[in-house]
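The residues making up each chain are set out below.
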Amino acid sequence: MSSRRSRSRQSGVPSITDDQISDLVSKLQQLIPEVRSRRSDKVSASKILQETCDYIRSLHREVDGLSDRLSALLASTDNNSAEAAIIRSLLM
């Protein structure tokens, strides 16, 4: 048993079982396109966690890019127009 898990039990924090970890890693595997598209079921948990982190970072970059594009679009429209109101609501 890892020292981290044994410490959490001593401090009264509920621990997570190996089966729960496996289940969560399996769920992540189904959510991440790069991992899901692989035909092999033998992907290590650490690889799935790394791919998950990479995917979340890419989603953050995509959101930032879309926000920048919306901001630029907003700057080029009339502030009182219906389009500007829609863009502002998307940026909130």
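Data block above holds the structure.
These figures come from a predicted structure and were not determined experimentally.

Novice: Tell me about the side chain of Ser-81, and please be specific about residues and values.
Specialist: Among the secondary structure elements, Ser-81 is positioned in the loop between helix H4 (45-75) and helix H5 (82-91). Given a relative accessible area of 16%, Ser-81 falls into the buried group. At 3.1 Å, the side chain of Ser-81 forms a polar contact with the backbone nitrogen of Ala-84.

Novice: Please give an account of the packing of H4 against H5 that cites residues and values.
Specialist: Direction vectors running N to C along H4 and H5 enclose 155°, while the axes themselves pass 10 Å from each other. If you check the angle between H4 and H5, you find them roughly antiparallel. The handedness of the crossing between H4 and H5 is left-handed. Along the contact surface, H4 presents Ser-67, Leu-70, Ser-71, Leu-73 and Leu-74, while H5 presents Ala-84, Ile-87, Arg-88, Leu-90 and Leu-91. Among the residues making up the contact of H4 with H5, the classes are represented as 7 nonpolar, 2 polar and 1 charged.

Novice: An account of the packing of helix H2 (residues 18-31) against H4 is requested, with residue identities and associated values reported.
Specialist: One can describe the packing of H2 onto H4 by two numbers: an axis separation of 10 Å at closest approach and a directional angle of 45°. Between H2 and H4, the angle falls in the class oblique. You can see that H2 and H4 cross each other, and the crossing is left-handed. Packed against H2, whose contacting residues are Val-25, Leu-28, Gln-29 and Leu-31, the element H4 presents Ala-45, Ile-48, Leu-49, Thr-52 and Tyr-55 at the interface.

Novice: Run through the nonpolar core, naming residues and quoting values.
Specialist: The biggest cluster of nonpolar side chains holds 5 residues, and these are Val-25, Ile-32, Val-35, Val-43 and Ile-48. In contact with Val-43, other than residues within four places in its own chain, are Gln-29, Arg-38 and Ile-48.

Novice: Can you tell me about the pattern of salt bridges, naming the residues and giving the values?
Specialist: Enumeration over the complete set of coordinates arrives at 3 salt bridges. Lys-47 is the salt-bridge partner of Glu-51, the closest N and O atoms lying 3.3 Å from each other. Taken together, the residues span about one helical turn, with Glu-51 and Lys-47 both in helix H4 at a distance of 4 residues. According to the relative accessible area criterion, Glu-51 is buried, its value standing at 11%. The exposure class assigned to Lys-47 is partly exposed, which follows from its relative accessible area of 37%. Residues Arg-57 and Asp-54 are paired through a salt bridge, measuring 3.0 Å at the closest nitrogen-oxygen approach. Taken together, the residues span about one helical turn, with Arg-57 and Asp-54 both in helix H4 at a distance of 3 residues.

Cut-offs and rules
- Residues numbered from 1 in each chain as written.
- Predicted model: local features only at pLDDT ≥ 70, side-chain atom pairs only at ≥ 80, totals over all residues.
- Heavy atoms only, no water.
- Helix = DSSP H or I, 4+ residues; strand = E, 2+ residues; numbered from the N terminus.
- Buried < 20%, exposed > 50% of the residue type's maximum accessible area, 1.4 Å probe, protein only.
- Polar contact = N/O pair within 3.5 Å; in protein donor to acceptor, adjacent residues only side chain to side chain.
- Axes fitted to C-alpha atoms, helices over the stretch in contact; angles between N-to-C directions.
- Parallel < 35°, antiparallel > 145°, perpendicular 65-115°, else oblique.
- Left-handed = near helix turned anticlockwise from the far one by under 90°.
- Contact = heavy atoms within 4.5 Å.
- Nonpolar A, V, L, I, M, F, W, Y, C, P; charged D, E, K, R; others polar.
- Core = buried A, V, L, I, M, F, W, Y, C linked by side-chain atoms within 4.5 Å.
- Salt bridge = Lys/Arg side-chain N within 4 Å of Asp/Glu carboxyl O.

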